[in-house]
Structure formats: C-alpha cells, structure tokens
Amino acid sequence: MKMVFKAFLKNIFGENLERYLRMVLIDLIVFGGLFFADFKIRIAPSVLYLMVSVSTAGVMWRALSSKESVVNMQNMVMLPFERRGFVFSYVAVLGLYTCLTKTAALLAVLFAVSYWNPIVVLGSALCAGNAVLVAAAVCVLKKYWYADGLWIIALFAGICCLGDGPWFWPMLFVSGAAACLALQRADGYVFCVWKSGKSEIKKYREHASIWIYFFRYLKEHKNYWMNMAVMWCVACALPAFLGSMERAFAVPIGFAVLSLNTPVCILLSCDPDLECAVRYLPGQKRMFCVPYVLFIFLCNIAAYAVFLCSLQIQAGGVTAYMLILAVFFAIQSAVSSVFLEWVYPIRGWNIESDLWHHPRKYMVPAVMLLFSGVVMAAPVLGLTLSAVWVMGMGWAVKRHSE
C-alpha cells in the first residue's frame with residue numbers, strides 16, 4: 001500500500017513538490033496579513049463547516065472526474081494491485097491534493113477574518129476529511145444517484161442544523177464511516193470510466209466547425225454549465241449587494257465581477273491536443289480565434305443581461321448607456337481572455353482543477369475593474385480606451401496567428 005501511495009503521489013503532485021510547499025507558505029502569509037489587519041466578522045460554526053464541506057467536495061469531485069486523473073488510473077490498473085489499498089491510496093492522495101491546494105487557502109482566509117477556537121479548527125478539519133470521503137463514495141456509487149442525492153441533502157441539512165450542537169460529531173462519524181464502507185467495497189476500475197466517445201479534436205477535424213466543438217465540449221462537461229448557472233445566480237444577487245452604491249459605480253463593477261468565468265476561458269490550456277491541432281491550421285484567426293471571442297462574448301453578455309434584468313426588477317433605472325457599456329465590457333473581456341489563452345496558455349498543470357484555480361483567472365477581471373474606474377470617472381474616455389484596448393488585443397492575437 002505504501003508503494004501504491006507513493007506512485008499516486010508522484011502522479012498527482014508531479015516531481016516538483018516544492019511548488020505545493022510554496023502554496024502553503026503563501027497561505028500562511030495571507031493568513032498573517034489578514035489576521036494583523038484586525039478585520040473581524042462573526043461566522044457561525046455551521047456556516048463555516050458548510051463552506052469548507054462544499055468547497056472541498058466540489059474540488060475533490062472535479063479531481064476525481066478529471067480526464068488526466070482517469071488516464072493516470074488507466075495506466076495504474078494495468079499492474080496487479082490489492083483492491084482496498086489501491087482505492088484508499090488513490091482517495092488519500094487526491095484528498096491531500098484537494099486540502100493542501102484549495103481547502104487550506106479557504107481556511108486561511110476564514111480563520112484570519114473570523115473568531116475561532118480549537119474546537120472549530122478540529123470541526124473544519126473533520127468536515128474537509130468527510131467531504132473528501134463522501135465525494136469519493138458518491139463517485140463510486142454513481143449508479144445509485146437517488147441514494148447519493150438523499151445522502152448529500154441529509155449531510156447539508158445536518159451541518160446547517162447540528163453544526164453548533166453536540167450531535168454534529170456523531171453525524172460526521174456516521175457519514176465518514178458510511179463513505180469508508182462504500183470505498184471498501186469498491187475496486188480501482190470504478191475510477192477509470194471516462195465517457196468521452198470520440199475525442200474532441202477528432203470531432204473538430206471531422207466537422208470543421210469550432211462552434212460544434214464548443215457545444216459538444218459543454219455537453220460532455222456538465223460542470224461548465226453549472227459554473228455558468230452559478231454566475232447567473234451571482235448576477236441576480238449582485239444588485240442587492242451593490243444597492244447602496246451609485247448606479248454609475250455599481251454597474252461597471254458588476255460587469256467586472258461577472259467576467260470571472262474561468263472554464264470557458266481555458267479551452268486551449270485544458271486540451272493540449274486541440275491547441276496543437278489549431279495552431280497548425282491555416283487561417284487560425286478566422287477558424288478559431290474569432291469564433292472563440294464570439295463564444296466568450298455570448299457567455300458574458302448572457303450574465304450581463306441577467307444582471308441588468310435583476311437590477312431593473314429590484315431598483316429600476318436601466319438606461320441605454322448601461323446596455324452599450326455591457327456590450328463594450330463583454331467584448332473587452334472576451335478579447336482579453338482569448339489573447340491570454342492564445343499567447344500565454346497555462347502550462348505545467350497536473351489535473352484540471354489546477355487550471356480552474358490558476359492565478360491567471362483574476363487578470364481579466366482586474367483589467368475590467370481598472371477600466372470600470374476610468375468609465376466611472378470619465379465615461380467617454382473610458383469607452384475610448386476600451387475600444388483601443390480591444391483593437392490592441394485583436395492585433396496581438398492576429399500577429400501571433402500568422
């Protein structure tokens with residue numbers, strides 16, 4: 001079992017473990033900076049436990065369903081293995097990756113800005129471990145989706161209702177024991193299923209339409225739709241959060257926040273085969289870059305439309321200028337995202353979850369916030385600079401496509 005654990009550890013973390021140690025150091029620096037800023041809010045233990053559980057389970061599920069993880073598993077199961085040790089080693093390594101790279105960052109921020117005690121720290125750690133086990137067990141029991149759904153609903157309800165009481169600990173123990181029992185009865189082959197059919201790049205070559213590729217890619221990656229649905233929910237709630245601000249300030253900030261749509265902006269980075277094929281095609285700007293810009297533009301404009309409709313319903317006062325501003329921000333965000341993806345694709349990642357949480361995801365929203373400040377101070381100058389920025393990014397993409 002120890003040898004299998006080391007093999008999985010090297011597959012998931014790669015040879016360079018120092019990168020993850022640096023991430024822990026960054027988490028400590030973030031914790032120290034926020035802690036000494038003396039900004040405190042009260043977070044109920046049940047809310048804290050729910051945030052940790054949902055975040056950890058979501059990242060663990062993406063890691064388990066990542067195509068790269070499945071490929072690694074397919075290579076590993078070609079060798080003889082002991083079933084129980086194989087499964088628990090794989091889950092332990094992915095759980096360690098999830099907690100070290102994602103949950104630790106979340107806890108660093110939450111503990112820095114809230115009041116906590118050792119009991120809360122222990123509860124958060126147990127919630128993270130339980131979320132890892134439950135996500136793996138749900139992956140094993142996928143064909144019993146109704147039982148999985150009831151389990152997850154009962155777990156969420158239990159955390160919300162019992163998070164502040166003594167029955168919280170037995171509930172976590174029962175949930176973790178049930179997950180371990182499900183994993184004990186599983187074999188390693190259950191993690192090797194990847195229902196991809198034809199590869200995406202083959203579909204792209206056969207049909208010679210990047211739009212068909214986009215929609216088939218979204219069809220096979222349901223979590224991308226879920227991410228867009230979450231962004232639309234955020235768009236519905238943003239007017240309430242920005243209600244105390246002036247309309248001229250709130251609308252551009254809302255557009256900048258809603259440009260944080262990571263999955264649709266990493267299509268080349270997460271599919272090296274597609275990137276290799278597209279870069280060798282003639283007329284790359286016309287064949288790929290232009291449809292890609294339009295695709296991200298449509299995703300952005302849909303979120304902006306939900307935001308403006310919610311704003312009109314809650315407070316009213318949506319003007320033609322805001323509609324023009326939405327179009328400018330959607331185009332600017334789309335062109336900037338394609339520029340980064342084409343000129344500076346993300347390299348050196350191990351599983352797809354690394355892409356979703358790469359620091360590059362914040363670059364476009366940061367640029368949008370800067371332009372929103374200019375637009376708020378001088379609307380004509382801001383729109384002019386936005387147009388110049390779009391043309392500059394388009395020229396850069398065209399130059400790298402030749």
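Please refer to the structure higher up on the page.
Because the structure is a prediction, the values reported are computed rather than measured.

What counts, and where the lines are drawn
Residues numbered from 1 in each chain as written. Predicted model: local features only at pLDDT ≥ 70, side-chain atom pairs only at ≥ 80, totals over all residues. Heavy atoms only, no water. Helix = DSSP H or I, 4+ residues; strand = E, 2+ residues; numbered from the N terminus. Expected span 1.5 Å × (residues − 1). Contact = heavy atoms within 4.5 Å. Phe/Tyr/Trp six-rings, centres within 6.5 Å; stacked < 30°, edge-to-face > 60°. Buried < 20%, exposed > 50% of the residue type's maximum accessible area, 1.4 Å probe, protein only. Polar contact = N/O pair within 3.5 Å; in protein donor to acceptor, adjacent residues only side chain to side chain. Disulfide = S-S within 2.5 Å. Axes fitted to C-alpha atoms, helices over the stretch in contact; angles between N-to-C directions. Parallel < 35°, antiparallel > 145°, perpendicular 65-115°, else oblique. Left-handed = near helix turned anticlockwise from the far one by under 90°. Nonpolar A, V, L, I, M, F, W, Y, C, P; charged D, E, K, R; others polar.

**Q** Where do I start with helix 7 (residues 145-162) in this structure?
**A** Owing to its 3.6 residues per turn, the α-helix aligns residues three or four sequence positions apart on the same side. Over its 18 residues, helix 7 runs 25 Å from end to end, which matches the ideal 26 Å to within 8%, given 1.5 Å per residue. Packed against the buried residues of helix 7 are helix 3 (45-65), helix 6 (118-140) and helix 8 (168-184).

**Q** Quick question: what am I supposed to make of the packing of aromatic side chains here?
**A** Each aromatic ring pair is characterised by the separation of its centres together with the angle its planes make. All told, the structure shown has seven aromatic pairs when counted by the stated rule. Both rings, one in Tyr49 and one in Phe168, keep their centres 4.7 Å apart while their planes meet at 10°; by these two values the pair is stacked. In this pair, Tyr49 is assigned in helix 3 and Phe168 in helix 8, connecting sequence segments 119 residues apart. Owing to a relative accessible area of 2%, Tyr49 belongs among the buried residues under this scheme.

**Q** Mind showing me how you'd approach helix 6 here?
**A** Taking 1.5 Å per residue as the helical rise, helix 6 with its 23 residues ought to reach 33 Å, and the 33 Å between its terminal C-alpha atoms agrees with that figure. Measuring from the backbone nitrogen of Ile119 back to the side-chain oxygen at the start of helix 6 gives 3.0 Å, which picks out Asn117 as the cap.

**Q** Is there a simple way to think about the state of the cysteines in this case?
**A** Two cysteines whose sulfur atoms are joined by a covalent bond form what is called a disulfide. For the structure on display, the rule yields zero disulfides. Its sulfur unpaired, Cys299 is 8.2 Å from the next cysteine sulfur, which belongs to Cys265. Since its relative accessible area comes to 11%, Cys299 is described here as buried. Here Cys309 stays unpaired: no disulfide links it, and the sulfur of Cys236, its closest cysteine neighbor, is 8.9 Å away.

**Q** Could you clarify how one ought to interpret the packing of helix 3 against helix 7 in this entry?
**A** Packed helix pairs are characterised by how far apart their axes lie and by the angle those axes make with each other. Where helix 3 meets helix 7, the closest approach of the two axes is 8 Å, and the angle between their N-to-C directions is 155°. Our classification of the angle between helix 3 and helix 7 gives roughly antiparallel. For helix 3 against helix 7, the interelement crossing comes out right-handed. Taken together, the residues of helix 7 that come into contact with helix 3 (itself represented by Ser46, Tyr49, Leu50, Ser53 and Val54) are Phe156, Ile159 and Cys160. Among the residues forming the contact of helix 3 with helix 7, the class breakdown is six nonpolar, two polar and no charged.

**Q** What exactly am I supposed to notice about the packing of helix 10 (residues 210-220) against helix 11 (residues 222-241) here?
**A** Interaxial distance between helix 10 and helix 11 falls to 4 Å at its minimum, and their mutual angle equals 90°. Comparing their axes, helix 11 and helix 10 come out roughly perpendicular. On helix 11, the residues that touch Tyr217, Leu218, Lys219 and Glu220 of helix 10 are Lys222, Tyr224, Trp225 and Met228. Residue composition of the contact of helix 10 with helix 11, by class: five nonpolar, no polar and three charged.

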